[in-house]
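Chain and residue survey
Here is how the chains run, residue by residue.
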Amino acid sequence: MDNHLNITLFFSLGTALFFGINPILIKKGLKIGGDQTRGTFYLLCAHLLSMFLLLILFDSSDQGAWQLGNEEIIWLSMAGISNFVLAFNYYFKSIAVMGAARTASIVNANPGVSVILAVLLLGENINSTAWLGIFLILVGAYIIGRR
Amino acid sequence: MLKDFNGLYFAALSTLGFGLTPILAKKGLKEITPLWGGTVSIAVGLGVFAMYILISGHSKKLFRDPIRSTIFFFVAGINNTLALALFYKALQMSLALIVVPVASIYPLITILLSIIFLKDQEQFNIRLMVGTLMIITGIFLVYIFR
């Protein structure tokens, strides 16, 4: 395996590790008396602060937010509301009710939802194998969600 | 039964929100780096959420939660930043068809950690494992053969 692919796999597995730890931390916080809504707020505060820190430390590009046009700002704002208001708020609620493992597994179906939405909203085409993948994702989510 | 339905409903809405994000962000990421785009999105999301907290009355108890739980949520926020930073870095170096499927194995890590740290609070059964593996296989098929 070449070095480039090794590094990509290292970063991808690192992503999986950090995403995998998150539901455990949230469940622990909820278990010892944390509130779901305020918990989401604390998480977003820490998320924003640490993103700023990363930008200061590692982003040397000259492509900052000041270059954004109105249309891009609207799309990114809608992405922010979708991801950080809708998704994270219900993520907390779901972890509180269903537990960390089941929630993480069901929410992991979101790349399948993205592809379905890309087909419906952006008119992208996918082949039959990808449709089989979407079928597996939906059935998998159904199996986990079923009581 | 009702509790379980609620959980599923919350998870479905969360999945929809996470699934919708790349579609919306794709249109907004023409001129800037993903790190900047992510920061703008979080800032807007936090602003809107802060308004929601004010209107819903949750702000009255803000920063009066148990300190240990608040620390867990703060660490989860930093953790999410690290995950996103590594994800963007991986995408910068390679194609989504490699990065997304590999990153999608994260529920297996959550299940493993749940068994270690949340053993008495979580339910584990064969359906959870089968469903999780089906979703991961599905993501591999979608992203590799798309």
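Residues numbered from 1 in each chain as written. Chains lettered and ligands numbered in written order. Predicted model: local features only at pLDDT ≥ 70, side-chain atom pairs only at ≥ 80, totals over all residues. Heavy atoms only, no water.

**A closer look at the overall build of chain A**
Keep this limit in mind: For the purposes of this entry, the term helix denotes a DSSP run of H or I that reaches at least four residues, the term strand denotes a run of E that reaches at least two, and both are numbered from the N terminus. With a 1.4 Å probe rolled over the protein chains alone, any residue whose accessible area is under 20% of its type maximum counts as buried; one over 50% counts as exposed, and the rest are partly exposed. Contacts are assigned to residue pairs that have any heavy atoms within 4.5 Å of one another. Per-residue and other accessible areas were derived by the Shrake-Rupley procedure at a 1.4 Å probe size, with only the shown protein chains allowed to occlude residues. Counting rule applied: Lys, Arg positive; Asp, Glu negative; His and chain ends not counted. For this purpose, a charge sits on NZ of Lys, CZ of Arg, CG of Asp or CD of Glu.
Helix and strand counts for chain A stand at 6 helices and 0 strands. Listing the helices and strands of chain A from first to last along the sequence gives α-α-α-α-α-α. Expressed along its principal axes, the backbone C-alpha trace of chain A runs to roughly 50 × 45 × 40 Å. Going through the 147 residues of chain A one by one, you find that 56% of them count as buried. Considering only intrachain contacts with a sequence separation of at least 6, the fraction spanning at least 24 residues in chain A is 68%. When the accessible surface of chain A is summed, it comes to about 6400 Å², and 65% of that surface belongs to carbon and sulfur atoms. In chain A, 8 side chains carry a positive charge and 7 a negative one; their mean positions are 33 Å apart.

**Looking at the side chain of R38 of chain A**
As a reminder, the rule being used: Polar contact is the term for a pair of N or O atoms within 3.5 Å; when the atoms are in protein, one must be able to donate a hydrogen and the other to accept it, and sequence-neighboring residues count only if both atoms are side-chain atoms.
Here R38 of chain A is to be found in helix α2 (residues 36-58). Classification of R38 of chain A as buried rests on a relative accessible area of 8%. Here the side chain of R38 of chain A touches D65 of chain B through a polar contact of 2.8 Å, side chain to side chain. Sequence-distant contacts of R38 of chain A, that is, excluding residues within four places in its chain, are made with I53, H58, K61, L62 and D65 of chain B.

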